[in-house]
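Working through the structure, step by step
This is what each chain is made of:
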Amino acid sequence: MKYDFLIVGSGLFGATFAYKAHHAGKSCLVIDKRPQLGGNVYCEQTEGINVHKYGAHIFHTANKAVWDFVNALVPFNRYTNCPVANYHGELYNLPFNMNTFYQMWGVRTPEEAQAKIAEQRAVVSAKLDGSEPRNLEEQALLLVGRDIYEKLIKEYTEKQWGRPCTELPAFIIRRLPLRFVFDNNYFNDPYQGIPIGGYNLLIKRLLEGIDTRVNCDFFTNRDKLTALADTIIYTGPIDQFYDYRFGKLQYRTVRFETETLNTPNYQGNAVVNYTSHEVPYTRIIEHKHFESFGQSVYDNTKTVISREYSTEWQPGMEPYYPVNDERNAALYTQYKSIADTEKHVLFGGRLAEYKYYDMAPIIEQALLLAGQHL
Ligand code: FAD
Ligand code: UDP
């Protein structure tokens with residue numbers, strides 16, 4: 001059988017493209033090397049709780065078209081991410097807002113908080129003298145000053161990325177909001193939530209009526225699979241597609257230590273970040289809080305938690321976070337320049353574009369590609 005599209009990877013990029021192609025009357029085969037569909041948003045049920053197997057996923061966007069697209073497939077709940085940071089047992093609200101400033105310095109008004117941050121910023125401001133921050137440390141000091149940098153950013157970031165903050169790009173920290181209101185919502189986006197019934201349902205709806213194969217690695221049967229379709233949508237690692245001919249791109253990966261506990265409510269929040277070096281993991285996720293709120297948390301007497309350990313990626317591990325430094329950027333450009341000349345292969349998604357994309361922009365990009373090629 002000849003398909004219009006062979007889609008390598010059943011994550012949100014591949015599944016969204018397949019959905020649009022199928023609805024445009026095109027035939028598709030979606031393959032994935034993992035034993036299940038869904039890429040990194042796949043969840044596993046344990047004790048009736050959706051466990052985010054490849055890392056906690058909170059959907060958020062400012063793009064109404066993307067929000068409407070996913071909600072038409074599965075309605076989303078009202079989950080709002082409000083992580084708490086634990087630094088040597090002291091608790092702070094995130095992102096950096098009036099609650100954090102009160103907990104850090106005892107300041108009660110925005111004016112007092114702004115004055116405190118201005119005082120703490122003075123040294124780095126003078127050093128930069130109007131020029132752009134050159135690395136994450138300078139960016140963080142300029143944004144929130146030394147106390148917050150040292151207690152809530154420096155050690156967490158070094159655990160997460162395995163590199164000193166002075167060697168990391170400034171943009172990583174610009175993702176975090178800074179607010180002079182008492183608002184612990186981690187995101188500025190107007191739309192946020194978790195699909196009711198879990199992400200697997202979203203993937204199921206996207207792939208309804210489409211041929212799929214799991215445990216199917218493109219590279220173990222490359223020629224046969226390529227011959228099955230006119231066009232390939234490739235969402236795996238771009239360097240692997242070209243047999244690493246220019247060298248390997250670097251990633252950070254996460255090891256999840258997941259445990260079921262005989263308590264209904266372990267930490268009272270979905271996300272608690274451990275921001276000191278002394279604790280080896282970066283955060284603990286308590287999965288039930290993404291979908292149970294208030295008293296309903298106690299309907300289930302058990303809970304499932306995952307401790308996240310961030311490490312450097314090695315072949316055989318899951319590639320999670322692209323390391324966007326100069327070496328990798330230059331290497332990616334080399335791969336992209338040959339990818340751009342392909343006539344029957346289109347590249348998309350977090351791994352093929354080597355970009356730290358969230359879910360909503362991934363869907364946006366897949367819809368865009370579908371619009372151009374269907
Ligand atoms: P993926 O989901 O990685 O899918 C790619 C698929 O391709 C995989 O299933 C893989 O098995 C398959 N594949 C690869 N190579 C081959 C091959 N050779 N043959 C067959 N199949 C292959 N975004 C948010 O918006 N909010 C969050 O809270 C959030 N949290 C995150 C937490 C973590 C730990 C990580 C890593 C990411 C997080 N993201 C979050 C980002 C989100 O996961 C991505 O934006 C999105 O899942 C990317 O979709 P994708 O289809 O590009 O890639
Ligand atoms: N970060 C931090 N302290 C925290 C949480 C985040 O310093 O308690 C920094 C860290 O550098 C991280 C970046 O902010 O890489 C982005 O955090 P986010 O939570 O958005 O990352 P992700 O959810 O993608 O892991």
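Residues numbered from 1 in each chain as written. Chains lettered and ligands numbered in written order. Predicted model: local features only at pLDDT ≥ 70, side-chain atom pairs only at ≥ 80, totals over all residues. Heavy atoms only, no water.

1. Description of the sheet that holds strand S1 (residues 3–8)
As a reminder of what qualifies: Between any two strands, pairing holds if DSSP finds at least two bridges. Helix and strand definitions follow DSSP, with helices as H or I runs of at least four residues and strands as E runs of at least two, each counted in order from the N terminus. Axis definition: a line fitted to C-alpha atoms, limited for helices to the stretch in contact. Angles are taken between N-to-C directions and run from 0 to 180 degrees. What makes two residues a contact is simply this: any of their non-hydrogen atoms within 4.5 Å.
Spatially, five strands are ordered S9-S2-S1-S10-S16 in an open sheet, and the strand pairing comes out parallel. The open sheet is flanked by strand S9 (211–213) and strand S16 (345–347), the only strands paired with a single partner. When the angles between neighbouring strand axes are averaged without regard to direction, this sheet yields 20°. Here S1 runs beside strand S10 (residues 229–234); their pairing, made up of five bridges, is parallel. Bridging across to S10, Tyr3 finds its partner in Ala229. Across the face of the sheet, helix H1 (residues 12–23) comes into contact with S1, strand S2 (28–31) and S10 while running at roughly 165° to S1.

2. Some details on the environment of Gln250
Counting through the fold element by element, Gln250 comes out in the loop between helix H10 (238–241) and strand S11 (251–261). Those residues within four positions of Gln250 in sequence are excluded, and the remaining contacts are Arg163, Glu312, Tyr321, Pro322, Val323, Asp325, Arg327, Asn328 and Tyr354.

3. Some points on the site of ligand 1
This is how it is decided: Residue proximity to a molecule or strand is established when one non-hydrogen atom of the residue lies within 4 Å of it. Polar contacts here mean pairs of N or O atoms no more than 3.5 Å apart (in protein, one a potential hydrogen donor and the other a potential acceptor; neighbouring residues in sequence count only if both atoms are side-chain atoms). Computed by Shrake-Rupley with a 1.4 Å probe, the accessible areas treat only the displayed protein chains as cover when residues are assessed. Each residue receives one of three labels: charged for Asp, Glu, Lys and Arg, nonpolar for Ala, Val, Leu, Ile, Met, Phe, Trp, Tyr, Cys and Pro, and polar for the others, Gly being one of them.
In the vicinity of ligand 1 there are 30 residues, among which Asp32, His57, Ile58, Tyr357 and Met359 approach most closely. Here a nitrogen atom of ligand 1 and a backbone polar atom of Ala56 are 3.0 Å apart. One nitrogen or oxygen atom from the main chain of Phe218 is found 3.0 Å from a nitrogen atom belonging to ligand 1. For ligand 1, whose accessible area on its own is 1000 Å², the fraction buried by protein is 96%. Among the secondary structure elements, those contributing two or more residues to the shell around ligand 1 are H1 and helix H12 (359–373). The residue makeup of the shell around ligand 1, split by class, is 15 nonpolar, nine polar and six charged.

4. Thoughts on the pattern of salt bridges
Selection criterion: Salt bridges are defined as contacts in which a side-chain nitrogen from Lys or Arg sits within 4 Å of a carboxyl oxygen from Asp or Glu. For every residue, the accessible area (1.4 Å probe, protein chains only) is compared with the maximum for its type, and the residue is labelled buried under 20%, exposed over 50%, or partly exposed between those bounds.
Under the defined criterion, the tally for this structure stands at 19 salt bridges. Glu47 is paired through a salt bridge with Lys302; the nearest N and O atoms lie 3.9 Å apart. Placement of Glu47 in the loop between strand S3 (43–46) and strand S4 (49–52) and of Lys302 in the loop between strand S13 (283–286) and strand S14 (303–312) is noted, with a sequence separation of 255 residues between them. Relative accessible area serves as the criterion here: at 25%, Lys302 is assigned to the partly exposed category. Glu119 is paired through a salt bridge with Lys116; the nearest N and O atoms lie 3.8 Å apart. Note that Glu119 and Lys116 are positioned in helix H4 (residues 110–128) at a spacing of three residues, about one turn of the helix. Taking the relative accessible area as the measure of exposure, Glu119 reaches 52% and is therefore exposed.

5. Some details on the packing of H1 against helix H8 (residues 199–207)
At a minimum axis separation of 8 Å, H1 and H8 run at an interaxial angle of 35°. Across from Leu12, Ala15, Thr16, Ala18 and Tyr19 in H1, the residues of H8 making contact are Leu202, Ile203, Arg205, Leu206 and Leu207. Split into classes, the residues belonging to the contact of H1 with H8 amount to eight nonpolar, one polar and one charged.

6. Quick notes on H8
Rules: The arc refers to the directions leading from the helix axis to the C-beta atoms.
When H8 is considered as a whole, its buried residues turn out to be Tyr199, Leu202, Ile203, Leu206 and Leu207. For H8, the arc enclosing every buried residue in end-on projection is 120°, short of the 170-degree limit, so these residues lie on one face. Looking one or two residues beyond H8, the residue adopting positive phi is Gly209, at roughly 80°.

None of the figures reported here should be taken as evidence of function without further support.
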